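# Residue-level structure breakdown
Below, each chain spelled out in residue letters.
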Amino acid sequence: MTGGARAAVPDSPAQVLTDLLGAQRRRFAALDPRLPEAAAPPPGDILVVGTPPHRVAGVVTHHSWPAGSGPLLWSAAQVSELHPVIGGAGHGPLHTLVDAWRGHLPPDVLRDHDSAATVIWPSRDVVATRVFLDHGLMPLAVLAVRARGPFADPAPDPTLVVRRAEPDDLEVCVRLSLEELAYSSQVGGSLMRPDAEGVKRTMIRDRLGRGEPTWLAERRGVAVGMIECGHAEAAPGAWLANLLPVGMWGYVNCASVTPSERGSGVGAHLVATAVATLEDAGRRAVRGTYLYYNPPNPISSVFWPRAGYSPLWTLWEVRPASGLR
């Protein structure tokens, strides 16, 4: 046996992820106490860049949505997503990781105009915000949360009635949903695709058939607003537990007010009804409610914070994916 020092064995990419995850959990806890514990990324292609103490890593996943599927109304058909695991790193290492992600995008994705590069990251991490902006990513959506608690009652409106939607209300629900989609497609990530009406009709018919809570606001018998809601469990191991603390949550799936009624208080009445019902004490304890809204939307970005919702996660996106710098 010869003497001398033994050469260091490089850590495997999987080990690097594991080592960085502990520091990332501490980073998240310091950023925002509302965040769940930082979770390990899903299976995918592992990227490791830099050297200690500036080494960072990430996992890149790719998925495609088939024609006619509901997510195509708010997503590109091909999506490359980066799941950073950066520990406590600052601007420089994260810049390098995004550069590596850009070089990892498949040629067919780069050629496809109906594609996107996305990353979901805690909204309060301003270090990451600067990096994502520099690389051409835009904050197209946020997951916002509202803690369980009383909702301020809107001013009384004797001409407005809020009631549960029934299966016979399908067509009016489709109309209101399409009005919301047409507006949000101008100011956010939604897409008014050619088959949008058929896709919406199928989705709403299924929701109403399952009895999932949907409310209509009617003024003098005419439907002027709608809100779709439900409950979701952030159970250990489930995808939602990566975004929200473990427990039962109410969610708002879609809220729509017909153009002529925007600003008249219809939305406030719908949300007050929805939140009160979602937090009803008859269910197992509900921790709060959550929803997605588009920061570029001049109505949503004002309305939802006034209703008590604050950003927890930001969805950063660039379309097409070739726009990633």
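All of the points below concern the structure found in this document. Numbering of residues starts from 1 in each chain and follows the order in which that chain's sequence is written. This being a predicted model, a pLDDT of at least 70 is required before a residue's local features are given, and a value of 80 or more before pairs of side-chain atoms are given or counted; all residues contribute to the totals for chains, interfaces and linings. Hydrogens and water molecules were not included; the side-chain quantities draw on all heavy atoms of the structure.

## Brief notes about the pairing of strand S4 (residues 115-122)
What counts, and what does not: Think of it in three bands: with a 1.4 Å probe and only protein chains considered, a residue is buried below 20% of the maximum accessible area for its type, exposed above 50%, and partly exposed in between. Put simply, DSSP marks the helices as runs of H or I at least four residues long and the strands as runs of E at least two long, and each gets a number from the N terminus on. DSSP calls a pair of strands paired once it identifies at least 2 bridges connecting them.
The element S4 is largely enclosed, with a buried count of seven among its eight residues. Note that strand S3 (residues 78-85) and S4 share four bridges and pair parallel. Paired with valine 79 across the two strands is alanine 116, which belongs to S4.

## A word on the pairing of strand S2 (residues 56-64)
The pairing of strand S1 (residues 45-49) with S2 spans five bridges and is classified as antiparallel. Residue pairing in the sheet places isoleucine 46 in a bridge with valine 59 of S2. Remark: six residues form the turn of the hairpin made by S1 and S2, two consecutive strands paired antiparallel; glycine 50 in that turn has positive phi of roughly 80 degrees. Summarising the sheet, S2 and S3 pair through eight bridges and their orientation is antiparallel. Looking at S3, one finds that glycine 58 is bridged to proline 84.

## Looking at the sheet that holds strand S6 (residues 160-164)
Where we set the bar: The axes used here are C-alpha line fits, helices contributing only the stretch in contact, and every angle between their N-to-C directions lies in the interval 0 to 180 degrees.
Strand order in the open sheet formed by eleven strands is S1-S2-S3-S4-S11-S5-S10-S9-S8-S7-S6, and the pairing between neighbours is mixed. Two strands bound the open sheet, and with one partner strand each, they are S1 and S6. Within this sheet the neighbouring strands show an average axis-to-axis angle of 25 degrees, counted without direction. Here ten bridges tie strand S8 (residues 222-234) to strand S9 (residues 247-257), and the two strands are oriented antiparallel to one another. Residue glycine 225 lies in a different strand from S9, and its bridge partner there is valine 257.

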